[in-house]
Structure formats: C-alpha cells, structure tokens
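Each chain is listed here by its residues.
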Amino acid sequence: MTVEEVKCLKLFVFWILTILDTSSCLEGSYSCPREGYTRTFMFSKRDGISQSGQSERTKTSMEIDSTALAVVLYQEEKLLPHEKKSRNFNIGGHKFSIEQDWHIGGVAAVVWDAALVLGEYFASNPHLIDGKQILELGAGTGLAGMVASSLGADVIVTEREEALTFLENAISSNKADKHWKIKAEVLDWTHDTDPLKWSHFDLVIGADIVYIESTFSHLLKTIKSVAPSSKTKILLSCRIRYERDLKFLKMLKKFYNVEEIFYNAKLDIKIFSAVFKS
C-alpha cells in the first residue's frame, strides 16, 4: 500500500468515525471479488494497535463498531496468491513460472484458481487434448493453455489487446527451449470475429471468464462464433461466486448442452462442458 493509499484510508476511516462514534474498535475488510478472498483488518482505540493479514474465502463485508487510530500493514509472508510477484507450478510433469502484476495488469496479470484446476484436469485427462487444436478465451497469464500445449495440443491463447503483451511474455518465458505449439493473439469479445479464422478448433476453453455480468452477452456471442457446431467442444472452469454467474450458464444453455463434469471441492471450482445443440 502506498503512502497516498494509506492517507486515503485514514481519511475514509475518519469520515466513518465522525458518523458512527460508538465504541472502541473498528473492523473491516477489503476483497478481491474475482477470487473470493477477503482480507480483514482491525483498528483499536484502546491500545492504538491494529491487526491485519487474516484472510478467508467469504463475501466482502464491512462492519463499523467504533473509532480508530492506527493502521498496520499486512506482512509479506501473508500475501494472498494474487498479490505475489510470481508463482510456480508443476503440472503434468512440466514446470511453469508465472510473473504476476496485480497492480498494473489487474485480473489479466494474475493466475486464478480456475486456471490451475483446468490445467490439472488436462494433466489427469491428456487424451482429451493431445493432438487437438485448442482456443483459449480470456487467457490472462495463459497457464491453462500452456499446460494443454505441454501435453501435445496446438494452442492459441487470446486476450484483449491491452493485455496481450503480458500474455506473450508469460508464454515466451515458459516455452523457451521447448517444442510447444502455442501462440498468443488478440480476440476482443466486443468485436465481431472472423468465422474463417476462429471456427476450426476442436476445443474452446476458458478459465474464470464468467464473473462480470456486463460481458455476458459479448462472451456468449464470441462463444457462438468460435464454436458454431457440435464439432467444437467447450470447457469452462468457473468459481460460481454470485447468483448472476448462474445467469450466464442459463444463457449458454439456450444454444448448448451444458454439463458439469468436474468439481474441485477444496478450491470450489467447477468445470462445465458445453456442446452446440444440433
């Protein structure tokens, strides 16, 4: 947290306390809605000490009980996964190292649990992807696509233009000295797609791309363009955080036969299969 962010936080707390000057302690939280993490903090008037760094998977919450005097930042060793500068994975016998930059690149520059679960699913079922042509939508850091490529698939990972450089760097740093067939290209859901270029894939995948309701119509349009027939199978790895996430699945079911095929209870990630209705 920068000095300016601390100043803003203190001003916000002061404003709240002028309204709710009631007891001796202020508890609150900030969250990463994409991943479902919440970091809690406490300010205490009694001893002037605050506690922070506790994290849990829960909904965003803010409870104000009292006044506050001090802020103590969390410790480095207690960073949440999306806050770390880099993460390393060993999936299917292959090592992957992903640089992260949450503050600069946002959600596209972080490895989310859904990508990890999808990659591990591929490693457990390599026959599903070996030799297949795969398109990944909203690839972010490209972990799922890289795992597929390492297991023998021919992969194109896609992102918005402003996020492409970060994705390309992740791909190039991990595929060095390897014979993976993988490349990164721009595919913006808000733009029309060329069916001659994007509709020939065996499998279309997405990891944690269902979370912003305003993108649902664009995402559905894109999926219909890249998977226009039952020849192309879709795999979506999702954490269902809100009721609105189910809305997208209902939209998808109008055109595709959708089935939940895998569930990781520890990380609360579901993988859905979708095939165009004939």
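It should be emphasised that the depicted structure is a prediction, and the values quoted were computed from it without experimental measurement. (Residues numbered from 1 in each chain as written. Predicted model: local features only at pLDDT ≥ 70, side-chain atom pairs only at ≥ 80, totals over all residues. Heavy atoms only, no water.)

(A) Focus on the overall build of the chain. When you go through the chain residue by residue, the secondary structure sums to eight helices and 13 strands. Looking at the chain residue by residue over its 278 residues, the buried ones come to 45%. Across the chain, the fraction of contacts at a sequence separation of at least 24, relative to all contacts at a separation of at least 6, is 63%. Of the roughly 14,500 Å² of accessible surface on the chain, 53% is carried by carbon and sulfur atoms. (Helix = DSSP H or I, 4+ residues; strand = E, 2+ residues; numbered from the N terminus. Buried < 20%, exposed > 50% of the residue type's maximum accessible area, 1.4 Å probe, protein only. Contact = heavy atoms within 4.5 Å. Areas by Shrake-Rupley, 256 points an atom, 1.4 Å probe, with all protein chains shown as cover.)

(B) The environment of Glu259, seen in detail. Tracing the chain through its elements places Glu259 in strand E12 (residues 256-264). Spatially, the C-alpha atom of Glu259 lies 9.0 Å from that of Val275, the residues being 16 residues apart in sequence.

(C) Expanded view of the environment of Thr141. Within the secondary structure, Thr141 sits in the loop between strand E7 (133-137) and helix H4 (143-150). Classification of Thr141 by relative accessible area gives buried; the value is 2%. With 23 residues separating them in the primary sequence, Thr141 and Leu164 have C-alpha atoms 9.4 Å apart. When near neighbours in sequence (up to four residues on either side) are disregarded, Thr141 contacts Ile98, Ala108, Ala109, Val110, Val111, Met146, Phe166, Leu167 and Ala170.

(D) Molecular detail of the packing of aromatic side chains. Enumeration over the complete set of coordinates arrives at four aromatic pairs. In this arrangement the basic side chain of Lys178 is found over the ring face of Trp180, its NZ or CZ atom lying 5.3 Å from the centre. For the cation-ring pair, Lys270 lies above Tyr263, with the distance from its terminal atom to the ring centre recorded as 5.8 Å. (Phe/Tyr/Trp six-rings, centres within 6.5 Å; stacked < 30°, edge-to-face > 60°. Lys NZ or Arg CZ within 6 Å of the ring centre and 35° of its normal.)

(E) Here's a closer look at the packing of helix H7 (residues 216-226) against helix H8 (residues 243-253). At a minimum axis distance of 10 Å, the contact between H7 and H8 shows a crossing angle of 30°. Handedness of the crossing formed by H7 with H8: right-handed. Contact residues: H7 offers Phe216, Ser217, Leu219, Leu220 and Ile223, while H8 offers Arg244, Asp245, Phe248, Met251 and Leu252. A class-by-class count of the residues in the contact of H7 with H8 yields seven nonpolar, one polar and two charged. (Axes fitted to C-alpha atoms, helices over the stretch in contact; angles between N-to-C directions. Left-handed = near helix turned anticlockwise from the far one by under 90°. Nonpolar A, V, L, I, M, F, W, Y, C, P; charged D, E, K, R; others polar.)

(F) Representation of the pattern of salt bridges within the structure. A complete count under the given rule lists nine salt bridges for this structure. Note that Arg239 and Asp113 form a salt bridge whose closest N and O atoms lie 3.1 Å from each other. Note that Arg239 is positioned in the loop between strand E11 (233-238) and H8 and Asp113 in helix H3 (residues 113-124), a separation of 126 residues in sequence. The same class applies to Arg239 as to Asp113, namely buried. As a salt-bridge pair, Glu260 and Lys270 come within 3.8 Å of each other at their nearest N and O atoms. Taken together, the positions of Glu260 in strand E12 and Lys270 in strand E13 (residues 269-276) put the pair ten residues apart, joining distant regions of the chain. (Salt bridge = Lys/Arg side-chain N within 4 Å of Asp/Glu carboxyl O.)

(G) Here's a closer look at the sheet that holds E7. Judged by pairing direction, the sheet is mixed, and its seven strands sit side by side in the order E9-E8-E7-E10-E11-E13-E12 without closing on themselves. Looking at which strands have only one partner, the edges of the open sheet turn out to be strand E9 (181-186) and E12. Averaged over all pairs of adjacent strands, the angle between their axes in this sheet comes to 20°, without regard to strand direction. Where E12 lies against E13, eight bridges are found, and the strand directions are antiparallel. Its bridge partner being in E13, Glu259 is matched across the sheet by Ser273. Sitting on the sheet, H8 touches E11, E12 and E13, and the angle it makes with E12 is about 140°. (Pairing = 2+ DSSP bridges.)

(H) Fine view of unusual backbone geometry. Backbone geometry at Asp208 places phi at a positive 60°, although glycine is not the residue there. Locating Asp208 in the fold gives a position in the loop between strand E10 (203-207) and H7. For Asp268, which is not glycine, the phi torsion reads 60° and is therefore positive. Here Asp268 lies in the loop between E12 and E13.

Any functional reading would require information that these geometric values do not contain.
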